[in-house]
Amino acid sequence: QVQLVESGGGLVQPGGSLRLSCTASGSIWSITVMGWYRQAPGNQRELVAVITIGGRTVYEYSMKGRFTISRDTAKNMMYLEMNALKPEDTAVYYCNAEIIYTTGGKGRYWGQGTQVTVSS
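A.B. asks: Would you mind going over unusual backbone geometry in detail, with residue names and values included?
C.D. replies: Backbone geometry at Asn76 places phi at a positive 55°, although glycine is not the residue there. The backbone of Ala84 shows a phi angle near 50°, a positive value even though the residue is not glycine. Mapped onto the elements, Ala84 comes out in the loop between strand 8 (77-82) and strand 9 (91-101). Note on Ala84: relative accessible area 36%, which makes it partly exposed.

This is the structure we're talking about:
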């Protein structure tokens, strides 16, 4: 019914930058909140940042200032600009969205994840 697809991950050197994208498709009337989460091997999935339909943002403290979340509401897309990357940022990054369906009702969805590896 709804799909989230991430892209933009890859291998980058410490101090480098990457831009992740998330595209939502399907029976979408509105997306109230979109967010990025990440999960490193052996760790629990953790919040990176979220953005509301009104553009309000919340960041995990250690990522504020290095990462920037944004969205294009008309295109049902979300982005994560990551700068000054560190080896500890290595993880699978997941897109998450709270969807209101065109038929009514709502649901929360996850993408399949995109790998980000920070290494020299």
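A.B. asks: How would you explain the pattern of salt bridges if you had to name every residue and give the values?
C.D. replies: Counted by the stated rule, this structure contains four salt bridges. In this structure, Arg38 engages Asp89 in a salt bridge whose closest nitrogen and oxygen atoms are separated by 2.9 Å. One end of the pair, Arg38, is in strand 4 (residues 28-39); the other, Asp89, is in the loop between strand 8 and strand 9, and 51 residues separate them in sequence. For Arg38, a relative accessible area of 7% translates into the label buried. Here Arg66 and Asp89 are joined by a salt bridge, their closest N and O atoms 2.7 Å apart. Here Asp89 lies in the loop between strand 8 and strand 9 and Arg66 lies in the loop between strand 6 (57-59) and strand 7 (67-72), a separation of 23 residues in the sequence. A relative accessible area of 13% means that Arg66 is categorised as buried. Given a relative accessible area of 0%, Asp89 falls into the buried group.

A.B. asks: Tell me about the nonpolar core, and name the residues and values.
C.D. replies: The biggest cluster of nonpolar side chains holds 32 residues, and the ones touching the most others in it are Trp36, Leu80, Met82 and Tyr93. Among the elements that take part in this core, strand 9 stands out by supplying six residues, more than any other. The contacts of Leu80, once residues within four sequence positions are left out, are Leu18, Arg19, Leu20, Trp36, Val48, Phe67, Thr68, Ile69 and Tyr93.

A.B. asks: Requested: an account of the side chain of Arg66, with residues and values cited.
C.D. replies: A distance of 3.0 Å separates a polar side-chain atom of Arg66 from the backbone oxygen of Ala84. Among all residues touching Arg66, those that are not within four sequence positions of it are Glu81, Met82, Asn83, Ala84, Leu85, Lys86 and Asp89.

A.B. asks: Tell me about the sheet that holds strand 1 (residues 2-7), and please be specific about residues and values.
C.D. replies: With antiparallel pairing, the four strands of this open sheet are ordered in space as 1-3-8-7. Looking along the sheet, the strands with just one partner apiece sit at the ends: strand 1 and strand 7. Between one strand axis and the next, the sheet turns by 15° as a mean value, whatever way the strands run. Across six bridges, strand 3 (residues 18-26) lies against strand 8 in antiparallel orientation. Bridging across to strand 8, Thr23 finds its partner in Met77.

Reading the values: the criteria
All residue numbers here refer to positions counted from 1 along the written sequence of the relevant chain. Reporting in this predicted model follows two pLDDT cut-offs: at least 70 for local features of residues, and 80 or more for side-chain atom pairs to be given and counted; totals over whole chains, interfaces and linings ignore these cut-offs and use all residues. As a rule here, side-chain values cover all heavy atoms of the structure and leave hydrogens and water aside. Elements are defined by DSSP. Helices are runs of H or I of four residues or more, strands are runs of E of two residues or more, and each kind is numbered from the N terminus. Only protein chains enter the accessibility calculation, which uses a 1.4 Å probe. A residue is then buried if its area is under 20% of the maximum for its type, exposed if over 50%, and partly exposed in between. A carboxyl oxygen of Asp or Glu within 4 Å of a side-chain nitrogen of Lys or Arg is what we treat as a salt bridge. What makes a nonpolar core is a set of buried Ala, Val, Leu, Ile, Met, Phe, Trp, Tyr and Cys residues whose side-chain atoms join them at distances within 4.5 Å. Note on contacts: a residue pair qualifies if any of its non-hydrogen atoms lie within 4.5 Å across the two residues. Pairs of N or O atoms within 3.5 Å make up the polar contacts considered here, provided that, within protein, one atom can donate a hydrogen while the other can accept it, and that residues adjacent in sequence are counted only when both atoms are side-chain atoms. When DSSP finds two or more bridges between a pair of strands, those strands are recorded as paired. Axes here refer to lines fitted to C-alpha atoms; in helices the fit is confined to the stretch in contact. Angles between the N-to-C directions go from 0 to 180 degrees.

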